[in-house]
Amino acid sequence: MSKYVITYDIGTTGIKTCLIEIDESMRILGSATAGYNLYVDEETGVKGGSEQEADEWWGAMCCTTREIFEKVPTVSKEQIEGISFCSAMQGLVLVDKEGNCIRRPMTYMDQRATEELKEGIAHGLQVAGADVTKLLKCLKYTGAAPLSVKDPVWKYKWVEAHEPENFKKIYKWLDIKEYLICRASGEFVMTTDSAFATLIYDTRKGHEGWCKPLCSMFNVNTDHLAEIKPCTEKVGEITEKAAKELGLAAGTAVYGGGGDASLIGVGAGAVEVGDTHIYSGTSGWVGTVVEKQVVDTSTMMAAIVGADPESYNYFGELETSNKCVGWVKDHLALDEIGVFLKRYGNAIDSLEQVELNMYDYLEEVIERANPGSDGVVFTPWLHGNRCPFEDPNAAGIFFNIKLDTGKTELIRAVVEGVCFHMRWFLECQDKKVSTSKAVRFCGGGALGEATCQILADILQREIVVVESPQNIGAVGAAACIAVGMGIIPSMKDVKKHIPVKTTYQPNPANKEVYDRNYKVFKNLYKCNKENFAILNG
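Residues numbered from 1 in each chain as written. Predicted model: local features only at pLDDT ≥ 70, side-chain atom pairs only at ≥ 80, totals over all residues. Heavy atoms only, no water.

Draft legend 1. Here's a closer look at the nonpolar core. Counting residues in hydrophobic clusters, the biggest one holds 176 residues, and the most contacted among them are Tyr-8, Met-26 and Trp-173. Top element by residues in this core is helix α14 (residues 407-430). It accounts for 13 residues. Each residue touching Met-26, except ones within four places of it in the same chain, is listed here: Ile-20, Glu-21, Val-475, Ala-478, Ala-479, Ile-488, Val-494, His-497 and Ile-498. (Core = buried A, V, L, I, M, F, W, Y, C linked by side-chain atoms within 4.5 Å. Buried < 20%, exposed > 50% of the residue type's maximum accessible area, 1.4 Å probe, protein only. Helix = DSSP H or I, 4+ residues; strand = E, 2+ residues; numbered from the N terminus. Contact = heavy atoms within 4.5 Å.)

Laid out in structure tokens, this is it:
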């Protein structure tokens, strides 16, 4: 018998709410989207700041939930078995005892805490930019280390140093979805993957939980840390107040869900050991399922805790992936958008349809350029970079522009640049683990056939795409409910419920030009590191 659930995919700039039917497969019956603001740099009052308004998250969650029932009137709120979440990770949401935000939440992109990072872990004899004693201690307990300015513990320490009055008001330190869980149910919890993402979580077998030695080393108040729950567990029920605002039934089960890095691979069906997936949304990454923890401090990669307690995700992140294509849309392809709207505008009746059709149109533009973009190479570091090198000063480059370079070459070079970075991730991962020959590609970037083929050609690997690749975070969140309710036995069984839509084979004829451009791509950071520091440091 079918079960109906609602899941919330909470991204950097908007939320997608999905009503999903769970049966032999997980089928999206309807979806609704709403955006919210991202406040950066001068809007936050500090260089490197990246913040959002919690009320805007909640407002988007409420309006999209109500819209879902308008779109799918055959399902009532009383039929909803539970709600779950997939959200961006490594945010810092500080709340008081009533669950109210003490200050505007910081997102994963926030990189203001450079001094706190230096003070906390970068003094003394260094390895990979960290004090060797502290680094070894972190690796002993967590299998990873907070080596990035964007890691939440440094944001927490920044508030302590710069906003002492706010720091005194803290009751709990939450992440984004945990705040929404609290607002919906009144419960203060953190799922296992979110707890790990703080990098003060003990991963040793038999010792799982908040790590007191690391909390002591970084001077974190353990009273601020929430109770840890599995991703698949029911963590509470929707309160009367939240039910009225959401348009759901009071008492509806609230499940922990997971972060995007945990659940997007699940939604794509990359759940067995050795499965590799590539995600290209606002940010992007390469993740491979592994049996045990692996870390490579030289490339800023580590095996992170995910939704499945029996495995880990070996993970490398790019801060701006398909966001680069959004930048093209907003700044480089304005005249192309005018042509697109003139051609298709009257036939479009929703924002999501505009996005889908715009991707199709940009794909037509990309296909006009030759593979390799006639030698133009783009670096997708529009908000610094995290892996395989950490540098908040890194930025985008169009390299090798000539008089005969056209806009089509520039647009294609942006897509190729993102794919080159994913190849770099795969090469780094292959030094430590075995990645899969067939890679599952997901996120908004996987909507375009030309992009999928470019990725296959650059990687020289088979690229597999599932149905609605832009919605797989919501599907992963539904999998948490399905496993929690016992409908699906385990996370490893989720793949059976996610059929493959399309497979792309690499074109050997394009290998030579992409190998040439990729060599240049990797050289560009090495050759411009000092220049980035001069301009952006």
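Draft legend 2. Local environment of the packing of aromatic side chains. The final tally for this structure, using the stated rule, is 21 aromatic pairs. Taking 6.4 Å as the distance between ring centres and 80° as the angle between the ring planes, the aromatic pair formed by Trp-381 and Phe-532 counts as edge-to-face. Of this pair, Trp-381 sits in the loop between β23 (377-379) and β24 (397-399) while Phe-532 is found in helix α17 (residues 511-536), placing the two residues 151 residues apart along the sequence. Here Trp-381 matches Phe-532 in class, with each residue buried. Of the aromatic side chains, those joined through ring pairs into one cluster are Trp-381, Phe-389, Phe-420, Trp-424, Tyr-514, Tyr-518, Phe-521, Tyr-525 and Phe-532. (Phe/Tyr/Trp six-rings, centres within 6.5 Å; stacked < 30°, edge-to-face > 60°.)

Draft legend 3. Layout of empty space enclosed by the protein. This model, assessed by the stated rule, comprises 2 cavities of 30 Å³ or more. Empty space within the largest cavity amounts to approximately 140 Å³. When contributions to the lining of the largest cavity are tallied by element, the ones reaching two or more residues are β18 (276-280), α11 (322-332), α13 (351-367), α14 and α15 (449-459). Taken together, the residues of the lining of the largest cavity break down into 11 nonpolar, 5 polar and 1 charged. What lines the second largest cavity is a set of 15 residues, among which Ser-262, Val-266, Asp-308, Ser-311 and Asn-313 lie closest to the centre. Put simply, the parts of the chain that give the lining of the second largest cavity at least two residues each are α10 (260-267) and β22 (312-318). In terms of residue count, the dominant contributor to the lining of the second largest cavity is α10 (4 residues). Residue composition of the lining of the second largest cavity, grouped by class: 8 nonpolar, 6 polar and 1 charged. (1 Å grid on protein atoms, 1.4 Å probe; cavity = no way out; pocket = protein on both sides within 12 Å on 5 of 7 lines; lining within 4 Å. Points joined across faces, edges and corners; volume = space filled by probe spheres on them. Nonpolar A, V, L, I, M, F, W, Y, C, P; charged D, E, K, R; others polar.)

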